[in-house]
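Observations on the three-dimensional arrangement
Next come the chains, spelled out residue by residue.
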Amino acid sequence: SVRRADHILADSQATKDDLIDLYNTPAEKITVLLSGVDARFKPTINVTVRQKYNIPDRPYIFSVGTVQPRKNYTRLIHALAALRSRGMDLGLVIAGGAGWLQDPIYASISETQMEDYVRFIGFADDADLPALYSAARVTAVPSLYEGFGIPVLESMACGTPVLTSNVSSLPEVAGDAALTVTPTDLEAIIDALQRLTSEESLRADLIAKGLARTRAFTWDRSAQQLHDIYLRMLTS
């Protein structure tokens, strides 16, 4: 498909770099077309959302994505156990459908005795996502790889600070508006989550930076860029 295409749209610079490195694709054949964040993602209060998804009444870490190894949920669950052992009354809520190689993820819940503190809610209704982000203490996106990572932007737009990885496309999306860690470094994940849940000055700084950063990622801008690409291709 890459060889056959007249032009390629990459959803991040990291994806463009992968296409160049892995498939020897000429750089001029690829345009980076960044995603936007929908205007409905904003600080939202909906007290019924916890009841709808049976989320316990305690502060929670929120993560969005298919249940699969790439999302790094096993380390996130171990991080939750470590934080709770430090006396922090936190839960973990994961919104996403079933993926592949899930058994080790579920086994980590038993290993850490986190059965009462990890809640898989499956696919969340799109209309409920702003309230789920907004009610969370922090959103965690410690993925091993992402082509873009739109939950980072969605969380920022809802005023919830973000922990994410320093690999693939995620630093492009997060900029200086999130805490980034090496996703294979469990201690770094634990420490970052502790800071994001307890240091109010850090939270306030990242919330402000996140709200400002999302203004650069709009679907109108993406649509205009796509229009210009099509026009250039049709007239060349």
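Only a predicted model underlies this, so the values are computations on that prediction, with no experimental measurement involved.

What follows deals with the overall build of the protein. The helix and strand inventory of the protein stands at ten helices and eight strands. Over its C-alpha atoms, taken along the principal directions, the protein stretches across nearly 60 × 35 × 30 Å. Put simply, the protein has 236 residues, and 48% of those count as buried. Total accessible area computed for the protein in this model is approximately 11,600 Å², and 52% of it derives from carbon and sulfur atoms.

Overall, the coordinates contain one cavity of 30 Å³ or more when judged by the stated rule. Each pocket or cavity is described by its volume, and for the largest cavity that value is around 30 Å³. Considering each element in turn, the lining of the largest cavity owes the most residues, four residues, to helix α9 (residues 200-214). Residues belonging to the lining of the largest cavity are distributed by class as follows: seven nonpolar, three polar and no charged.

All right, on to the pattern of salt bridges then. Under the defined criterion, the tally for this structure stands at 14 salt bridges. Ionic pairing is found between D128 and K52, a salt bridge with its closest N-O pair at 2.7 Å. One end of the pair, D128, is in the loop between β5 (118-122) and α5 (129-135); the other, K52, is in helix α2 (residues 49-52), with 76 residues separating them in the sequence. Shared partners join several salt bridges into a network, and the residues in it are K52, D125 and D128.

Judged by side-chain polarity, Y230, M233 and L234 come together as a nonpolar surface patch covering roughly 360 Å² of accessible area. Its place among the elements puts M233 in helix α10 (residues 219-235). Given the relative accessible area of 36%, M233 is considered partly exposed.

A few words now on the packing of helix α3 (residues 73-85) against helix α4 (residues 103-112). At a closest axis distance of 9 Å, the pairing of α3 and α4 adopts a crossing angle of 15°. Judged on the interaxial angle alone, α4 and α3 are roughly parallel. In terms of crossing hand, the pair formed by α3 and α4 is right-handed. Contact with α3, carried on its side by Y73, T74, I77, H78 and A81, involves P104, I105, S108, I109, E111 and T112 of α4 and no other residues of that element.

What follows concerns the side chain of H7. Looking at where H7 falls in the secondary structure, it is placed in the segment before β1 (8-10). Of the polar contacts made by the side chain of H7, one reaches the backbone oxygen of K29; its length is 3.1 Å. Of the polar contacts made by the side chain of H7, one reaches the side chain of T31; its length is 2.6 Å. In contact with H7, not counting residues within four places along its chain, are E28, K29, I30, T31, I229, R232 and M233.

So, about the environment of R215. Note that R215 resides in the loop between α9 and α10. Spatially, the C-alpha atoms of R215 and L153 are 9.7 Å apart, while their sequence positions differ by 62 residues.

A separate point is the nonpolar core. Among the nonpolar cores identified, the biggest contains 31 residues, and F62, L132 and V152 are the most heavily contacted of them. Elements with a minimum of two residues in this core: β3 (60-64), β4 (91-95), α5, α6 (150-157) and α7 (170-174). Once residues lying within four places of it in the same chain are set aside, the contact partners of V152 are V141, V162, T164, L170, V173 and A174.

Looking now at helix α1 (residues 13-23). Of the positions making up α1, those classed as buried are A14, T15, K16 and L19. Considering only its buried residues, α1 is in contact with β1, β2 (30-32) and α7. A positive backbone phi angle near 55° is found at N24, which sits one or two residues after α1.

A word on the side chain of E146. Structurally, E146 can be placed in the loop between β6 (138-141) and α6. Since its relative accessible area comes to 8%, E146 is described here as buried. A distance of 3.3 Å separates a polar atom in the side chain of E146 from a polar atom in the side chain of R70.

Definitions and limits used
- Residues numbered from 1 in each chain as written.
- Predicted model: local features only at pLDDT ≥ 70, side-chain atom pairs only at ≥ 80, totals over all residues.
- Heavy atoms only, no water.
- Helix = DSSP H or I, 4+ residues; strand = E, 2+ residues; numbered from the N terminus.
- Buried < 20%, exposed > 50% of the residue type's maximum accessible area, 1.4 Å probe, protein only.
- Areas by Shrake-Rupley, 256 points an atom, 1.4 Å probe, with all protein chains shown as cover.
- 1 Å grid on protein atoms, 1.4 Å probe; cavity = no way out; pocket = protein on both sides within 12 Å on 5 of 7 lines; lining within 4 Å.
- Points joined across faces, edges and corners; volume = space filled by probe spheres on them.
- Nonpolar A, V, L, I, M, F, W, Y, C, P; charged D, E, K, R; others polar.
- Salt bridge = Lys/Arg side-chain N within 4 Å of Asp/Glu carboxyl O.
- Patch = residues over 30% accessible without salt bridge, like charges linked within 9 Å, V, L, I, M, F, W, Y side chains within 5 Å.
- Axes fitted to C-alpha atoms, helices over the stretch in contact; angles between N-to-C directions.
- Parallel < 35°, antiparallel > 145°, perpendicular 65-115°, else oblique.
- Left-handed = near helix turned anticlockwise from the far one by under 90°.
- Contact = heavy atoms within 4.5 Å.
- Polar contact = N/O pair within 3.5 Å; in protein donor to acceptor, adjacent residues only side chain to side chain.
- Core = buried A, V, L, I, M, F, W, Y, C linked by side-chain atoms within 4.5 Å.

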